[in-house]
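Residue-level structure breakdown
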Amino acid sequence: MNASTMIGTHVDVRDLVVEFGKRTALDGVDLQLDTGVHGLLGPNGAGKTTLMRVLATVARSTSGSVSLLDHDLSKQRDLRMVRRRLGYLPQQFGYYPRFTVREFVEYFAWLKEMTPSAVPLAVDHAIERVGLADRADDRLKKLSGGMLRRAGIAQAIVNDPDVLLLDEPTAGLDPEQRVEFRELLRTIGVDSCVLVATHLVEDVAVACTHVTVVSDGRAVFRGTPDDLVAAGEDTSDGDSPIERGYTAAIRAARKR
Amino acid sequence: MSWHVTGEALSAYASGRIADSDAWSVEMHLTACERCRAALAAEAATDVDLSTAIRESWPGIAANLSSQGRVRRGSRSRELIVLIAAGPAARWAWFTAAVVVLALAAGLGAVTPFGRGQEIPLLGVVAPLLPILGVAASYGSGLDDAHEVIASTPGGGIRLLLLRSASVLAVTLPVGLIAGAVTGYGSPIPWLAASLALILTTLALASVTGVGRAAAIVGAAWVTGLAMSAAGDVTQAAPALLDPDAVPVWLLVSVAAVAVVALRRQAFNYTSLPAHPRLEN
């Protein structure tokens, strides 16, 4: 098991622009994240998934600089080092129906170039952390949607990542599993940087230490969940204080 | 493991004389170190009371443990098996399809005359195409369900691509050889050389266009080339591309393609799939 060795900024994004053809998905995003659980909130189409894909080293930036764990992502040699320390759960993750949970998680342990002797224990540990230990030898096609998502989370955390990127991780989880999942996030967030993209405001309110709100390809709010609550004191749209804050942050950005 | 628990600390731990903070670090170490676990077991065996207590309480502990399941030792060979098994080409459906196609090609080629009195050896035409399709299916074509996560891993680039290409060749080439031997196709060397050249050219081109498109281009070029050479020269027994004289050319093409792959290996660091704007939320 690798102890976290990171000192300094885990995620450092400056003036990030991503364009798909003529469409601008991200338009000058700045983001600095350290250890802790960070929420990434935003309406559909705001650029959350694009930002996650750039941080996961899957999509490339059009301009601006992205550095993870003090490595510049534009340097090929650094890319490999960063990827070993990365965990990523995309919104739609493919799985292999014939694989068991254990084989699926093991597959990604190998792809993340973990030390061979450390793999079996790390795989079991990850499966246990997401509460799938009793289903470890079941094939993925036999699992429910919530269990699949937990298997996906297990592959993301199998290498004890320093940067963990989760895109809509609570989709398909029932309320009780959500509570357990937030607890898991808090544990991981103690010495890693966890970034959770979600449209569920309450996930952020409960589990996150910091929030970034994205709208129309820009980061329009950065602060703690309490700051976001404070931002919504003047509005009445939304069912909870933090939802009001979120609505207010988005509106303020659109007016500008 | 850079350090091991000292004999002193182990005996203190076994007899319960150790300080709490030291006990924690010993336990932490023991979970990861087989050598120290063995040393502790030897240490505990010398203490009669302790070993009796362990023997008597073990059945009760074991009854409450969940079954361990099928845990496999982490080794390089296990890594190869898992990485290859995850590829679509390793699936039975694909393997069966490859066998059927080659068997049909060999069978048809043995009985059907093509063109103006000339026979195009169908097996020789199809056999080099299959590995390309297999590689396209195994890597970065969107057929691999987990490509998005794979693209974010250090081992998902050229290493996985080469591994899966090799596994595809390992399946299709023997099947082709057997089909050729059964139907009396003649020397397999021309089409083997062509196979090698085509798959390596596909990989080289993939560094620019992505695997799926590269496979389509090379496959189309192969079929077109064969059709043209068959139409152009009626006197020859086989199309020029499948002639033994073409073998050195294919080998040269292979070497050139390997050089391109080696030079452009960094291009495989990124997924060749387009960014999915439809995933954008």
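An unreviewed UniProt entry lists chain B under the name Anti-sigma factor, with Phytoactinopolyspora halophila given as the organism.

So, the interface of chain B and chain A
With 43 residues of chain B at the contact, the number on the chain A side is 50 residues. When chain B packs against chain A, the two sides together hide about 4100 Å² of surface, and 56% of this comes from carbon and sulfur. Our count for the contact surface shared by chain B and chain A stands at two salt bridges. The partner of R53(A) in a salt bridge is E148(B), and the shortest N-O contact between them spans 2.8 Å. Only α5 (76-85), α9 (147-150) and α10 (158-183) of chain B provide two or more residues apiece to the side of chain B that touches chain A.

Quick look at the side chain of E113(A)
On the secondary structure map, E113(A) appears in the loop between α3 (101-111) and α4 (119-129). Excluding anything up to four places from it in sequence, E113(A) contacts R80(A), R84(A), P154(B), G155(B) and R159(B).

Remarks on the sheet that holds strand β10 (residues 218-223) of chain A
Residue and element names in this part refer to chain A. Strand order across the open sheet formed by six strands is β6-β7-β8-β3-β9-β10, with mixed pairing between neighbours. Among the strands making up the open sheet, the edge pair consists of β6 (86-89) and β10. Across the sheet, the mean angle from the axis of one strand to that of its neighbour is 15°, orientation sign disregarded. Here strand β9 (residues 210-215) runs beside β10; their pairing, made up of five bridges, is antiparallel. Among the inter-strand pairings, V211 is bridged to a residue of β10, identified as G223.

Remarks on a nonpolar patch on the surface
A cluster of nonpolar side chains, W58(B), I61(B) and L65(B), forms an exposed patch at the surface whose accessible area comes to about 320 Å². Relative to the helices and strands, I61(B) is located in helix α4 (residues 48-64).

A word on the UniProt feature "domain: Putative zinc-finger" (unreviewed entry) in chain B
UniProt marks residues 8-37 of chain B with the feature "domain: Putative zinc-finger" (unreviewed entry), using the numbering shown here. Across residues 8-37 of chain B one finds 83% helix and 0% strand; the C-alpha atoms that close the span lie 14 Å apart.

Some thoughts on empty space enclosed by the protein
Inspection of the entire model under this criterion finds six cavities of 30 Å³ or more. Approximately 70 Å³ is the volume attributed to the largest cavity. Lining of the largest cavity is provided by R102(A), E106(A), V119(A), P120(A), V123(A), R70(B), V71(B), R72(B) and R78(B). Among the secondary structure elements, those contributing two or more residues to the lining of the largest cavity are α3 and α4 of chain A. The dominant element in the lining of the largest cavity, judged by the number of residues it contributes, is α4(A), at three residues. The class makeup of the residues in the lining of the largest cavity is four nonpolar, no polar and five charged.

Side note on the pattern of salt bridges
Counted by the stated rule, this structure contains 16 salt bridges over all chains. Across the salt bridge formed by R186(A) and E183(A), the nearest N and O atoms sit 3.3 Å from each other. One end of the pair, R186(A), and the other, E183(A), are both in helix α6 (residues 175-189), three residues apart, so they sit about a helical turn from each other. Residue class for E183(A) comes out partly exposed when judged on its relative accessible area of 45%. Here R76(B) makes a salt bridge to E79(B), at a shortest N to O gap of 2.7 Å. Of this pair, R76(B) and E79(B) are both found in helix α5, three residues apart, which corresponds to roughly one turn of the helix. With a relative accessible area of 51%, R76(B) lands in the exposed category. Judged by its relative accessible area of 3%, E79(B) falls in the buried class. One connected set of salt bridges, linked through shared partners, spans R80(A), R84(A) and E113(A).

Cut-off values and rules
Residues numbered from 1 in each chain as written. Chains lettered and ligands numbered in written order. Predicted model: local features only at pLDDT ≥ 70, side-chain atom pairs only at ≥ 80, totals over all residues. Heavy atoms only, no water. Contact = heavy atoms within 4.5 Å. Buried area = accessible area lost by both parts, 1.4 Å probe. Salt bridge = Lys/Arg side-chain N within 4 Å of Asp/Glu carboxyl O. Helix = DSSP H or I, 4+ residues; strand = E, 2+ residues; numbered from the N terminus. Pairing = 2+ DSSP bridges. Axes fitted to C-alpha atoms, helices over the stretch in contact; angles between N-to-C directions. Patch = residues over 30% accessible without salt bridge, like charges linked within 9 Å, V, L, I, M, F, W, Y side chains within 5 Å. Areas by Shrake-Rupley, 256 points an atom, 1.4 Å probe, with all protein chains shown as cover. UniProt positions renumbered as here; feature names shortened; annotations may be inferred. 1 Å grid on protein atoms, 1.4 Å probe; cavity = no way out; pocket = protein on both sides within 12 Å on 5 of 7 lines; lining within 4 Å. Points joined across faces, edges and corners; volume = space filled by probe spheres on them. Nonpolar A, V, L, I, M, F, W, Y, C, P; charged D, E, K, R; others polar. Buried < 20%, exposed > 50% of the residue type's maximum accessible area, 1.4 Å probe, protein only.

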